[in-house]
Amino acid sequence: MIEGQCGLKTMNFLDSRSMSLVEFRPSGQPPGDYRIRYPMDMERYAFTARDEVNEAPQAYGWAFPGNPFEPPSEEAIFAGPYLLFSFRLDRKSVSPRLVKYRSDREAQRLMEERGVERLSRREKREIRERIHAFLLKQTLPSIRIFDVAWNLEDGRVLFTGTGQSSCTLFMELFERTFGMALVRDTLKSRTERALRDRAVSRSERKTA
Amino acid sequence: MAVKVQNESAGREFLLWLWYESERNNGLFRLPDGKAVELWLGGRLALESAEGRTASDLTWRGDASEHDDARWALSSGRRIRKAEYLLHMDQQEWRFILDSDSLDLHSLKIPRPERDGEEHPQALALERLCLVEAVTRTVEKLFSQFLERRMSPEWEKTAEPGIRKWLSGARP
């Protein structure tokens, strides 16, 4: 992993000697014109400069491997049978303790200003939300880049993120972009596939 | 008669089978296509209790194959949750940790590609991906081989007793 000035962390299996992998299988086949369609589809969901200044707690989108700040181009993302790209996930978080501390201080100030002894629950909640939004805006995101290699011939999709939330967001964006769901390879699916392949090769040996 | 393979235990049994077969055959595995590869247990091994993950998970670092206490723990009911393996194939070496829950590869270290340094990035990417796919496909083939053996009647007659005996300290 590489840590940058704003908390940039990359898990680039195209550069790193060490990586962790999760495998997926898409639920459909690429269309015949995928070399034209897919770059355009990915451009639509690419991570952009607008996402960088987004005030939301998280932002994600596609990026070009090796240069996470540029959208993908057609000639760069196809290599042999593979479609290569990255998934960028920016996350901001604010310490709950800091929010509470600042909110309590603000509540105290407001009570003194109004000459009251307590605030309503709604007022306290509004203070917390305002403080949280303010602190979130000031926080730099933690940036994570996960690499994706989709073998368009055998359908296998390799993803360098192993965490549950990054996989979930990746799967959701993949389906939105390419119009087909991703199924994570589990022990159960691997077992079923191995047994199915075994049955097929036995049947082929019998008929040969 | 085909033996039912419980999905939950298949991963754990597979990891144990890999270690056992590796010691039994001096690391040699012959894949279904006839290709010979060498597989050895690496330096990291994580066990869990028979009921699943508990606070008393045991982890070894170092030369696990020399750890008789790891085998003793397995013989007393613990199961392998994760294990590191070294794969030698085509005069190259891969190192990876296999997760028994999913068979995902963690901390995978691939051989240094022939293309390196200032090559065209796509050619380098392709070579690296071929190295990655080589190990993922090999693990698939080994898993398929394990399932074949596990589901055969011979498993209960020879393989299972052999593994039990090996865990109790005898050489396989």
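Please read these numbers as outputs of a predicted model, since none were measured by experiment.

Pulling in residues and values, what's your account of the interface of chain A and chain B?
Taken together, the contact pairs 24 residues of chain A with 25 residues of chain B. Elements that contribute at least two residues to the side of chain A that touches chain B include exactly strand S3 (18–26), strand S6 (82–91) and helix H7 (187–207) of chain A. Broken down by element, the residue count for the side of chain A that touches chain B peaks at eight residues, all from H7(A). Here the residues of the side of chain A that touches chain B sort into 12 nonpolar, seven polar and five charged. The sheet contact formed by S3(A) and strand S6 (residues 105–109) of chain B spans three bridges and is antiparallel. Of the residues in S6(B), the one forming a bridge with A:Leu21 is B:Leu105.

Break down the pairing of S3(A) for me, with residues and values.
All names here are of chain A. Two elements, S3 and strand S8 (residues 157–159), share three bridges in a ladder whose sense is antiparallel. Across the sheet, Val-22 pairs through a bridge with Phe-159, a residue of S8. Note: S3 against strand S9 (residues 182–184), three bridges, orientation antiparallel. Across the sheet, residue Arg-25 finds its bridge partner in S9, namely Val-183.

So what about the environment of A:Arg198? Which residues, and what values?
Structurally, A:Arg198 is set in helix H7. What makes A:Arg198 partly exposed here is the crowd of 16 C-beta atoms within 10 Å. Residues A:Arg198 and A:Asp147 lie 51 residues apart in sequence; the distance between their C-alpha atoms is 32 Å. The contact partners of A:Arg198, leaving out residues within four places of it in the chain, are B:Ser144 and B:Glu148.

Can you explain the pairing of strand S2 (residues 36–48) of chain B? Please cite residues and give values.
Residues and elements named next belong to chain B. Sheet topology note: the strand S1 (residues 28–30)/S2 ladder contains three bridges and is antiparallel. By the bridge assignment, Leu-28 is partnered in S2 with Glu-38. Two elements, S2 and strand S4 (residues 79–89), share eight bridges in a ladder whose sense is antiparallel. Paired with Trp-40 across the bridge in S4 is Leu-86.

Lay out helix H4 (residues 96–114) of chain A with the relevant residues and their values.
Residues and elements named next belong to chain A. The terminal C-alpha atoms of H4, which comprises 19 residues, lie 27 Å apart, in line with the 27 Å expected from a rise of 1.5 Å per residue. Here H4 lies mainly on the outside; zero of its 19 residues are buried. Positive backbone phi, at 70°, marks Gly-115, one or two positions downstream of H4.

Explain helix H3 (residues 121–150) of chain B to me, using residue names and the numbers behind them.
The terminal C-alpha atoms of H3(B), which comprises 30 residues, lie 43 Å apart, in line with the 44 Å expected from a rise of 1.5 Å per residue. Among the residues of H3(B), B:Ala125, B:Leu126, B:Arg128, B:Leu129, B:Val135, B:Thr136, B:Val139, B:Leu142, B:Phe143, B:Phe146 and B:Arg150 are the ones counted as buried.

Which residues make up unusual backbone geometry, and what values go with them?
Trans peptide bonds make up the majority, and among non-glycine residues the majority have a negative phi. All names here are of chain B. Of note, the phi angle at Asp-90 is positive, near 50°, even though the residue is not glycine. Relative to the elements of secondary structure, Asp-90 occurs in the loop between S4 and strand S5 (92–99). When the 10 C-beta atoms within 10 Å are taken as the criterion, Asp-90 is described as exposed. With a phi close to 65°, Leu-103 is a non-glycine residue in the positive phi region. Relative to the elements of secondary structure, Leu-103 occurs in the loop between S5 and S6.

Explain the packing of H4(A) against helix H5 (residues 121–138) of chain A residue by residue, including any values.
Residue and element names in this part refer to chain A. Here H4 crosses H5 at 125°, and the two axes come no closer than 9 Å. In terms of their interaxial angle, H4 and H5 are classed as oblique. Seen from above, H4 lies across H5 with right-handed handedness. Taken together, the residues of H5 that come into contact with H4 (itself represented by Leu-98, Val-99, Arg-102, Ser-103, Glu-106 and Ala-107) are Lys-124, Ile-127, Arg-128, Ile-131, His-132 and Leu-135.

Outline the confidence of the model for chain A, listing residues and values.
All names here are of chain A. Put simply, chain A has an average pLDDT of 85, and 85% of its residues get 70 or more. Mean pLDDT across the elements of chain A ranges from a minimum in strand S1 (residues 2–3), with 36, to a maximum in helix H6 (residues 164–178), with 96. With pLDDT under 50 throughout, residues 1–11 is counted as low confidence; its partners more than four residues away or in other chains account for 26 contacts.

Thresholds applied
- Residues numbered from 1 in each chain as written.
- Chains lettered and ligands numbered in written order.
- Predicted model: local features only at pLDDT ≥ 70, side-chain atom pairs only at ≥ 80, totals over all residues.
- Contact = placed C-beta atoms within 7 Å.
- Helix = DSSP H or I, 4+ residues; strand = E, 2+ residues; numbered from the N terminus.
- Nonpolar A, V, L, I, M, F, W, Y, C, P; charged D, E, K, R; others polar.
- Pairing = 2+ DSSP bridges.
- Buried ≥ 20, exposed ≤ 12 C-beta atoms within 10 Å, placed from the backbone.
- Expected span 1.5 Å × (residues − 1).
- Axes fitted to C-alpha atoms, helices over the stretch in contact; angles between N-to-C directions.
- Parallel < 35°, antiparallel > 145°, perpendicular 65-115°, else oblique.
- Left-handed = near helix turned anticlockwise from the far one by under 90°.
- pLDDT = per-residue confidence, 0-100.

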